[in-house]
Amino acid sequence: GTIVPVTVEVADLAGNVTSGIVNIDVRDVTPPTFTTVNITRQLNFLSTASIAIGDVAIGFSDACGFSGALSQENFTCDDLGVNIVTVTFTDPSGNTTTDTAEVTIVDDPNLPFNAIAQAITVQLDVNGEVTITPQDVDNGSGSGCTGAPNLSLNQTFFNCDDIGINTVTLFADD
């Protein structure tokens, strides 16, 4: 704590007065107070979500000031479902209060599927033919955290007439 010198003056009934200095040790022993709330966050189109301390803690206070921290602020597809986040407030004297909040992470059901294709090179077989599948050209198609759309191609069979660069369209849907 902080030592504060205080001058104390004492008088008796006869009017005699004396004084002295008394050191008073001032300490903050009261931890910060707050209440946690459980929340739900939807991932955005980048499949991420973030929270701030004010999203899960309300009514926080301390007479001498405080700082707050979260055990987790950023979320991805790996965090779908209920996540326990620890909320900690500490004042300048080192008094700490900790509690937990449930942060439920959900995917955005309205995101469209994205077909993400990659260029490939294939070799004709001994009969001058080759067949490709949607998985051959897929490069991470999906929607949000859903990585398993139905994939199809506008062309899967090639022969000697197709030697060279060919444009193939990859379709993704649910």
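Look up a bit, the structure's there.
Here the residue numbers are simple positions, counted from 1 along each chain's written sequence. Reporting in this predicted model follows two pLDDT cut-offs: at least 70 for local features of residues, and 80 or more for side-chain atom pairs to be given and counted; totals over whole chains, interfaces and linings ignore these cut-offs and use all residues. Computation of side-chain values: all heavy atoms of the structure, hydrogens and water removed.

Trainee: Before we go on, may I ask you to explain the overall build of the protein in this structure?
Mentor: Helix and strand content of the protein: two helices and 14 strands. Burial here depends on accessible area, computed with a 1.4 Å probe over protein chains only, as a share of the maximum for the residue type. Under 20% is buried, over 50% is exposed, and the range in between is partly exposed. The buried share of the protein, reckoned over its 174 residues, is 24%. For the protein, long-range pairs separated by at least 24 residues make up 50% of all intrachain contacts whose partners lie at least 6 apart in sequence. Here the open area of atoms and residues is found with the Shrake-Rupley method and a 1.4 Å probe, where only the protein chains shown may cover a residue. As presented, the protein carries roughly 11200 Å² of accessible surface, and 51% of it is formed by carbon and sulfur atoms. Numbering of helices and strands runs from the N terminus, with a helix taken as a DSSP run of H or I at least four residues long and a strand as a DSSP run of E at least two residues long. We call two residues in contact whenever any of their non-hydrogen atoms come within 4.5 Å of each other.

Trainee: Help me understand the side chain of Ser-47 in this model?
Mentor: Mapped onto the secondary structure, Ser-47 falls in the loop between β4 (39-42) and β5 (49-50). Take Ser-47: its relative accessible area is 12%, and that puts it in the buried class.

Trainee: Can you help me understand the environment of Thr-90 in this one?
Mentor: One can find Thr-90 in strand β9 (residues 81-90). On the basis of relative accessible area, Thr-90 is assigned to the partly exposed category, the value being 26%. Sequence separation between Thr-90 and Val-8 is 82 residues; the distance between their C-alpha atoms is 35 Å. Apart from residues no more than four positions distant in its own chain, Thr-90 is found in contact with Pro-32, Phe-66, Ser-67, Asn-95 and Thr-96. Polar side-chain contacts of Thr-90 include one of 3.3 Å to the side chain of Thr-96. Two N or O atoms count as a polar contact when they lie within 3.5 Å, although within protein this holds only if one can serve as hydrogen donor and the other as acceptor, and sequence-adjacent residues are included solely when both atoms are side-chain atoms.

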